[in-house]
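Structural overview for review
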Amino acid sequence: MSYNIESIIFYTSYITFTIFIIGIIYKWSRWASMPIHLRWELYPVPHEKKAEYGGSYLEEVDWAKKTREVTKIGELKEMLEEMLFIKRIYLMNKRLWFLSWFFHFGIYLILVWFLALFLSAIIMSLGVQIPSSNPWAYFLYYVTLITGGLGAIMTIIGGIGLLIRRLSDPVLRDYTTWPDYLNTVLVLITVATGLAAWIYDPAFDLARKFMLSLVTFSQPPPLPTITTVNIALIQLLLVYIPFSKITHFIGKYFTYHKILWDDEPNTGQLDGRVSELLKLPLRWSAPHIRSGETWEKNAAGL
């Protein structure tokens, strides 16, 4: 393989993707190993069969002696509504919802575009040409066309709109930190260069060939400068994401499954972990709190 700018971004693609995967695993394991949360009984919980009217198993007489009936269908429905339509923002702030949904759904389409490119590279490595009359080639060709273009346009419109709202709304401006602006701008610049690269590669033939070179570890095709810049920005974003607030998609899993929806009765399985936490000293003080003493002694008034 000859060494040029294409070969450099070829090798850095492997390096940055590896950093991304390791970073995501690190963040997931770090959050998964955090102390148990302060348990509040919040209802309805979607895996409860009584969730439709806000009820729970606690309404039943002798509930502790009965086997709990839960349904994953309720959780799945709630998760899909939140992931695909950002349900809670729609319920709480409809003016912000449209822009936020446009931005996030555009990113989802771009992720589908990446998946379609990867699958295209797989079947091309097996000798199937794209485009061709092969049903899979036909399907992936049009999925790539639709998701790539539409996803980029939706992300740009939603991202610019969110930036304007954050800058113009006094309430949102107070809650927005500079990393929030950086996250949105970095995504916007990356997607904007992708749109510019689309001009030179309207059917994504170059994108498919570059992905094919990654899958087969072969010589990458010559690329226009704007495409090279776009790939470099994608790699920068991959390295940045695990260490930024963009990983809120991981936090959402724990927020829902380990806090809001964790209604498993404590029949002793949590006693050891709670006991360890009660032995930790308090680092803050208040009229009713003795700083330096453990939670256990403060709670008992010792």
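Reading the values: the criteria
Residues numbered from 1 in each chain as written. Predicted model: local features only at pLDDT ≥ 70, side-chain atom pairs only at ≥ 80, totals over all residues. Heavy atoms only, no water. Helix = DSSP H or I, 4+ residues; strand = E, 2+ residues; numbered from the N terminus. Rg over C-alpha atoms; globule rule 2.2 N^0.38 Å. Buried < 20%, exposed > 50% of the residue type's maximum accessible area, 1.4 Å probe, protein only. Polar contact = N/O pair within 3.5 Å; in protein donor to acceptor, adjacent residues only side chain to side chain. Contact = heavy atoms within 4.5 Å. Domains from an automatic or database assignment. UniProt positions renumbered as here; feature names shortened; annotations may be inferred. pLDDT = per-residue confidence, 0-100. Core = buried A, V, L, I, M, F, W, Y, C linked by side-chain atoms within 4.5 Å.

- Per an unreviewed UniProt entry, the chain goes by the name Nitrate reductase, gamma subunit and belongs to Pyrobaculum islandicum.

**Structural notes on the overall build of the chain**
- In terms of regular secondary structure, the chain is built from twelve helices and zero strands.
- Secondary structure elements in the chain, listed N-terminal to C-terminal, are α-α-α-α-α-α-α-α-α-α-α-α.
- Its C-alpha atoms give the chain a radius of gyration of 25 Å, more than 25% over the compact-globule value 19 Å for 302 residues.
- For the chain, the proportion of its 302 residues judged to be buried stands at 36%.

**A few points about the side chain of Asn183**
- Of note, Asn183 is situated in helix H7 (residues 178-200).
- With a relative accessible area of 9%, Asn183 lands in the buried category.
- Among the polar contacts made by the side chain of Asn183, one reaches the side chain of Tyr240 at a distance of 2.5 Å.
- Contacts of Asn183, omitting those with residues within four sequence positions, involve Tyr240, Ser244, Lys245 and Ile246.

**Things to note about the domain arrangement of the chain**
- Domain boundaries in the chain define domain 1 (5-260) and domain 2 (270-300).
- Put simply, the middle of domain 1 and the middle of domain 2, counted by C-alpha atoms, are 40 Å apart.

**Structural notes on the UniProt feature "transmembrane region" (unreviewed entry) in the chain**
- UniProt annotation of "transmembrane region" (unreviewed entry) refers to residues 6-26, 96-127, 139-164, 185-203 and 223-243 when read in the numbering used here.
- Here residues 6-26 is 100% helix and 0% strand, with 30 Å between the C-alpha atoms at its ends.
- Between the first and last C-alpha atoms of residues 185-203 the distance is 27 Å; the span itself is 84% helix and 0% strand.

**What about the confidence of the model for the chain?**
- Taken over all residues, the pLDDT of the chain has a mean of 91, while the share at 70 or more is 99%.
- Confidence, read as mean pLDDT per element, is least for helix H12 (residues 295-300) in the chain (86) and greatest for helix H9 (residues 225-240) (97).

**Things to note about the UniProt feature "domain: NarG-like" (unreviewed entry) in the chain**
- Taken from the UniProt record, the annotation "domain: NarG-like" (unreviewed entry) applies to residues 92-256.
- Structurally, residues 92-256 comprises 81% helix and 0% strand, and the distance from its first C-alpha atom to its last is 17 Å.

**Quick word on the nonpolar core**
- Of all hydrophobic cores here, the largest spans 21 residues; its most connected members are Phe20, Leu162, Val187, Val191, Leu237, Ile241 and Ile246.
- For this core, the secondary structure elements donating two or more residues are helix H1 (5-32), helix H4 (94-125), helix H5 (135-168), H7, H9 and helix H10 (248-260).
- Among all residues touching Ile246, those that are not within four sequence positions of it are Asn183, Val187, Leu237, Tyr240 and Ile241.
- By size, the runner-up hydrophobic cluster in this structure holds 13 residues, among which are Trp113, Ala121, Phe204 and Leu223.

**Brief notes about the side chain of Thr228**
- As for its placement among the helices and strands, Thr228 is situated in helix H9.
- Overall, the relative accessible area of 10% leaves Thr228 in the buried class.
- Those residues in contact with Thr228, other than ones at most four positions away along the chain, are Ile5, Ile9 and Leu223.

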